[in-house]
Amino acid sequence: MPATRLLRPLQTATRRFSSTATSSLPSSVRLVEVSARDGLQALKNPILTTSQKLEYLNKLTASGLTHIEAGSFVNPKTIPQMANSGSLMGNLPAGPLWSFLTPNQRGLDAFLAHNPDLTTTEIAVFVSATEEFSMRNLGRPRDKAMADFGEVVRKARETDVKVRGYVSMVIACPFSGPTDPKEVGDAVEKLLGMGCYEVSLGDTNGFGTPKTVRALLHHLVKERGVSVDKLAGHFHDTYGMAVANVQAAAEEGVAVFDGSVGGLGGCPFAGPGAAGNVATEELVWLFEKQGVKTGVNIEKLIEAGRFMSGLLQRQGESKVARALMGKRTVTQEEPKAKL
Ligand SMILES: CC(C)(COP(=O)([O-])OP(=O)([O-])OC[C@H]1O[C@@H](n2cnc3c(N)ncnc32)[C@H](O)[C@@H]1OP(=O)([O-])[O-])[C@@H](O)C(=O)NCCC(=O)NCCSC(=O)C[C@@](C)(O)CC(=O)[O-]
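These remarks concern the structure in this document. Values in this document were obtained by computation on a predicted structure and should not be read as measured data. (Residues numbered from 1 in each chain as written. Predicted model: local features only at pLDDT ≥ 70, side-chain atom pairs only at ≥ 80, totals over all residues. Heavy atoms only, no water.)

**With respect to the packing of aromatic side chains**
Counted under the stated rule, the structure contains 6 aromatic pairs. Between F73 and F100 the ring centres are 5.6 Å apart and the planes differ by 35 degrees, which places this aromatic pair in the tilted class. With F73 in the loop between strand 2 (67-72) and strand 3 (97-101) and F100 in strand 3, the pair connects residues that are 27 residues apart, well separated along the chain. Judged by its relative accessible area of 10%, F73 is buried. When the centroid spacing of 6.4 Å and the interplanar angle of 75 degrees are considered together, the rings of F73 and F111 count as edge-to-face. A residue pair is termed long-range when its members are at least 10 positions apart, and F73 in the loop between strand 2 and strand 3 and F111 in helix 4 (residues 105-113) qualify at 38 residues. F111 matches F73 in its accessibility class, with the two residues each being buried. In this arrangement the basic side chain of K59 is found over the ring face of F307, its NZ or CZ atom lying 5.2 Å from the centre. (Phe/Tyr/Trp six-rings, centres within 6.5 Å; stacked < 30°, edge-to-face > 60°. Helix = DSSP H or I, 4+ residues; strand = E, 2+ residues; numbered from the N terminus. Buried < 20%, exposed > 50% of the residue type's maximum accessible area, 1.4 Å probe, protein only. Lys NZ or Arg CZ within 6 Å of the ring centre and 35° of its normal.)

**Notes on the pattern of salt bridges**
In total, this model carries 17 salt bridges according to the counting rule given. Between E158 and R154 there is a salt bridge; the shortest N-O distance is 2.7 Å. Residue E158 and its partner R154 are both found in helix 6 (residues 142-158); the two are separated by 4 residues, about one turn of the helix. Accessibility expressed as a relative area gives 57% for E158, which makes it exposed. The partly exposed category is assigned to R154, whose relative accessible area is 38%. (Salt bridge = Lys/Arg side-chain N within 4 Å of Asp/Glu carboxyl O.)

Right under this line is the structure:
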């Protein structure tokens, strides 16, 4: 067969792929930085002081991030790293929206007791799509957790507190296997119905693949009519699939993604080996290289990651940060590329 005939289908396929991939991505995304909560919560030591955390949060703010989870009002005996979350309030830098995880009414009361500026702070509530993880993470069955959070959100909304929602184990659960997308849909609808402005879909153990992520979003958006504007992606990178899953979700219309600088973290109740979120550096690189605006300066973000690595005395997991710090990406055009 002549070479031109062999090339033609390939060129057509490439054209089709490029136009689909770029046209279906949003023009900008909002990144929600969770390293100061999800990233740190599993670490028993070193426990970071309030001033160390504030210095880190200032560096994150300087990078241009506009939405940052700063801490949680949870049991300090099980999550000692979050015990000083309240002391951050009042000293948070101007600019971002600051989020605090609250597991119950007591968490909301503690949040309010620290006189938060309600124009720049919010709480986040969290449920599980699976019964087993609900018991481990919240000590309550799903129905009870949802009913309790219904009251928390009602009271929060009465006092004009914005509430973000999370659903964990949206793809699969290490304790019960694959998650039925209908369970996720039920939880998402209940959280939105009670007054959460957005629900972040937690692939807590990183079991997702682009195929399962697309199937979940298809169920939520196409079959149940959930507005994609109300959804965020929260992908852990346990199996190295998080970037691929983010790309798939973005192509399905999701435009809000949680990330953790340096890929720090993991839920302490999600079983052994639960890894951190997709590194925020990877999110910035992935999107900016495809012309999708993040508003984040990657060099300043990497500087924040270096600072955190120094505090924790451990290397970050971000390949992008490592490449840019070590200038391993050197190609003909890369050194001149503006990031
Ligand atoms: C789940 C509860 C609240 C059970 O709290 P409970 O139902 O109230 O249970 P309890 O009454 O048996 O209380 C247990 C202990 O927690 C204390 N307590 C209770 N509530 C509070 C509070 N608000 N602030 C401070 N202390 C609290 C309470 O005082 C008691 O202390 P003790 O008497 O044993 O000394 C508690 O065990 C807890 O705070 N656990 C930590 C949960 C947590 O932080 N999980 C990780 C975050 S979720 C996550 O990472 C997933 C996510 C969001 O990232 C998305 C994803 O990746 O999928």
